[in-house]
Amino acid sequence: MEKPIVNDSGISIETIYDGNHDIKSHPLAGEFPYTRGIQPDMYRGRLWTMRQYAGFSTAAESNRRYKFLLEQGVSGLSVAFDLPTQIGYDSDHALSLGEVGKVGVAIDSIEDMETLFDGISLDKVSTSMTINATGFILLAMYATVAKRKGIPLHLLSGTIQNDILKEYAARGTYIYPPGPSMRIITDIFEWCNTAMPKWNTISISGYHIREAGSTAAQEVAFTLSNGKAYIKAACNKGLDINAIGKRLSFFFNAHNNLFEEVAKFRAARKIWAELMQSMGATDPKAMMLRFHTQTGGSTLTQQQPLNNITRVTIQALAAVLGGTQSLHTNGYDEAISLPTEEAAQTALRTQQVIAFESGVADTADPLAGSYYVESLTAEMENKILTIMADIEEMGGSVRAIEEGYMQEQIAASAYRYQLAVESGKKIVVGMNAFIAADEKEIPVMHIDDSIRENQIQKINKLKQTRNQEQALAALQQVSTAALSGSNLMPAVMDAVENCCTLGEIADTLRQVFGEYRQ
């Protein structure tokens, strides 16, 4: 039986407040279309997963940070990869110069992945990996590490971002053209459905769309339209919408306007549930929009960086009030550098204070029934649906991206916002108003360029000691699978197990699929 919650004034808190409940017009949390949340008791049953996005320098350095965060109470890991890893280049590639280990961890081979998770029980922790164009290779490496540890793949839980459409629209770390990229994604769907059934096969991301300058409504509209494209691609491959729907997750941003963000999350859940139902989903779990939230990196300022703690707190609160399933809170120093341990700890403590001291987790959908929030939610829904209808009229997300529609809309929104900041119409505390005469410097993290040389040495040693004949044969299998149209994942798994590097596998597919140029 659920333990009752009583606040400090002696008032009992109900699991959910329903007012004059009319299930047709105002469904409760856990009821279709899930506007109020996907679980009837929400955080009274289970708190959101507290993740801290981390990865930098070498696999060994990142491993130390992960163990530190686990000791501090995170309940899930979130891995950041450096740019060469994200776009399929090994650390020894000429285009990797100056970028190795800078915005994430450098992963060139299965040996790096083993080091990254050394001493961490992969069957006991949920791992999210922010990786897209090379997501299938990193997933194969993660699965291979688990196999070497003796962990059955069906016990692994986590997510790869694996959302290539938003890369074309907003972020830029794509490799292959849209057609082959969508094929890789559906190959992952199909393979994981059997091999790793607990794994979320894609995290459809609005985060980077918002970071690029979109509005809140555009963030959701573009993201859900991309989600619809992935579902269509999966169904065209013959996959079951109910099976695939249960393995999708979403990734949204949280900015400073508390009520706009809450309304955005509530509207997104309703729209997605109704969309999935219209596409043929019958399993309630396949209609539930599950999402991770990260606080807004683009909202942070280099000026008066400690102000960012307040911004992150408001944004995290919006995510929780909006019903997020997991959350990352940015460090206050991230407008300057990668977060220091102190900044990362403060960011995690922000989540823990909200969870255990604020009372917002005591009842499902605490803002429901507010005239303001309900009105905002309805208006946000209408705005999102209007944008989605425009995209559908163009032929869907892929066509809208190819025609530059999403890119143009994001750029226009970013321009309007910047004009408002520069004119002073939009106040950014500490940057264009309430400016301090004497800015205090804070400690920042520096990444040594010597990391690249260390990675190159490891790559060279790997290639000298592996069975070269088996490695080359494995790469040929990847090429053969790509040309034949068969599922790529078994061949990529074999290549990883035979110590082929990430760059070698990505280059093999570049020779088959080519590279995308906008």
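The present account deals with the structure reproduced in this document. (Residues numbered from 1 in each chain as written. Predicted model: local features only at pLDDT ≥ 70, side-chain atom pairs only at ≥ 80, totals over all residues. Heavy atoms only, no water.)

1. Regarding the packing of helix α18 (residues 468-484) against helix α19 (residues 489-497)
Interaxial distance between α18 and α19 falls to 8 Å at its minimum, and their mutual angle equals 165°. It follows from the interaxial angle that α18 and α19 lie roughly antiparallel. Here α18 and α19 pass one another in a crossing that is left-handed. The residues of α19 that touch α18, namely those facing A474, Q477, V478 and A481, are A491, V492, D494 and A495. (Axes fitted to C-alpha atoms, helices over the stretch in contact; angles between N-to-C directions. Helix = DSSP H or I, 4+ residues; strand = E, 2+ residues; numbered from the N terminus. Parallel < 35°, antiparallel > 145°, perpendicular 65-115°, else oblique. Left-handed = near helix turned anticlockwise from the far one by under 90°. Contact = heavy atoms within 4.5 Å.)

2. Side note on the sheet that holds strand β11 (residues 326-328)
One open sheet holds the nine strands; their spatial order is β7-β6-β5-β4-β3-β11-β10-β9-β8, and the pairing between them is parallel. This sheet does not close on itself; its edge strands, each paired only once, are β7 (199-200) and β8 (202-205). The pairing of β8 with strand β9 (residues 248-254) spans four bridges and is classified as parallel. Bridge pairing in β9 links I204 to F250. Here helix α1 (residues 59-72) sits on the sheet and contacts β3 (49-54) and β4 (76-80); the angle it forms with β4, its principal contact strand, is near 150°. (Pairing = 2+ DSSP bridges.)

3. Quick word on the pattern of salt bridges
Counted under the stated rule, the structure contains 28 salt bridges. Across the pair R171 and E167 runs a salt bridge, and its minimum N-O distance is 3.2 Å. Residue R171 and its partner E167 are located together in helix α5 (residues 165-171), separated by four residues, close to a single helical turn. Accessibility expressed as a relative area gives 1% for E167, which makes it buried. (Salt bridge = Lys/Arg side-chain N within 4 Å of Asp/Glu carboxyl O. Buried < 20%, exposed > 50% of the residue type's maximum accessible area, 1.4 Å probe, protein only.)

4. Description of the side chain of N308
With respect to the helices and strands, the residue N308 is situated in helix α12 (residues 307-321). Not counting residues up to four positions away in its chain, the partners in contact with N308 are L300, T301 and Y332.

5. Notes on helix α20 (residues 502-513)
For α20, built from 12 residues, the straight-helix expectation of 16 Å at 1.5 Å per residue is met to within 8% by its first-to-last C-alpha distance of 16 Å. Counting buried positions over the 12 residues of α20 gives nine, a clear majority of the element. Within the sequence span of α20, burial applies to L502, G503, E504, I505, A506, T508, L509, R510 and F513. Immediately downstream of α20, the backbone of G514 shows phi near 80°, a positive value. (Expected span 1.5 Å × (residues − 1).)

6. Digging into α1
The first and last C-alpha atoms of α1 sit 20 Å apart over 14 residues, in line with the 20 Å expected at 1.5 Å per residue. Among the residues making up α1, those that are buried are A59, S62, N63, R65, Y66, F68, L69 and Q72. Its buried side turned inward, α1 meets β3, β4, α3 (110-116) and α13 (341-357). One or two residues past the end of α1 sits G73, with phi positive at roughly 115°.

7. Thoughts on the packing of α12 against α13
The contact between α12 and α13 brings their axes to 10 Å, and the two run at 45°. By the angle between their axes, α12 is oblique relative to α13. At the point where α12 passes α13, the crossing takes the right-handed sense. Contact with α12, carried on its side by I309, T313, A316, L317 and V320, involves T346, T350 and I354 of α13 and no other residues of that element.

8. Section: the pairing of β3
With five of its six residues buried, β3 lies for the most part within the structure. Here β3 pairs with β11 via three bridges, running parallel. Note that in β11 the partner of R51 across the bridge is H328. With four bridges joining them, β3 and β4 adopt parallel strand pairing. Looking at the pairing, Y53 lines up with S78 of β4. Since β3 and β4 lie parallel, the crossover through α1 that links them has a hand, and here it is right-handed. (Right-handed = clockwise from strand over helix to strand, strands pointing away.)

9. Focus on the packing of aromatic side chains
The relation between two aromatic rings is expressed through the spacing of the ring centres and the mutual angle of the planes. Counted by the stated rule, this structure contains 17 aromatic pairs. Ring plane angle 85° and centroid distance 5.1 Å describe the contact between F117 and Y142, whose orientation is recorded as edge-to-face. Placement of the pair is F117 in the loop between α3 and β5 (126-130) and Y142 in helix α4 (residues 135-148), with a sequence separation of 25 residues. On the accessibility criterion, F117 (0% relative accessible area) is buried. Residue classification places Y142 among the buried residues on the basis of a relative accessible area of 0%. Ring geometry for Y174 and Y516: centres 5.3 Å apart, planes at 75°, overall edge-to-face. (Phe/Tyr/Trp six-rings, centres within 6.5 Å; stacked < 30°, edge-to-face > 60°.)

10. Comments concerning unusual backbone geometry
The omega torsion of the bond from F32 to P33 falls at 5°, within 30 degrees of zero and hence cis. One non-glycine residue, Q304, lies in the positive phi region at around 45°. Here Q304 lies in the loop between β10 (291-295) and α12. Even without a glycine there, the phi angle at C499 is positive, about 65°. With respect to the helices and strands, the residue C499 is situated in the loop between α19 and α20.

11. Things to note about a nonpolar patch on the surface
Taken together, I427, V429 and F434 make up a surface patch of nonpolar side chains, about 310 Å² in accessible area. For V429, the location among the structural elements is in the loop between α16 (405-423) and α17 (450-465). (Patch = residues over 30% accessible without salt bridge, like charges linked within 9 Å, V, L, I, M, F, W, Y side chains within 5 Å. Areas by Shrake-Rupley, 256 points an atom, 1.4 Å probe, with all protein chains shown as cover.)

12. Concerning the state of the cysteines
A disulfide bridge is the covalent bond that connects two cysteines by way of their sulfur atoms. Scanning the model with the defined rule gives zero disulfides in all. The cysteine C192 is free of any disulfide, with C235 supplying the nearest cysteine sulfur at 17 Å. (Disulfide = S-S within 2.5 Å.)

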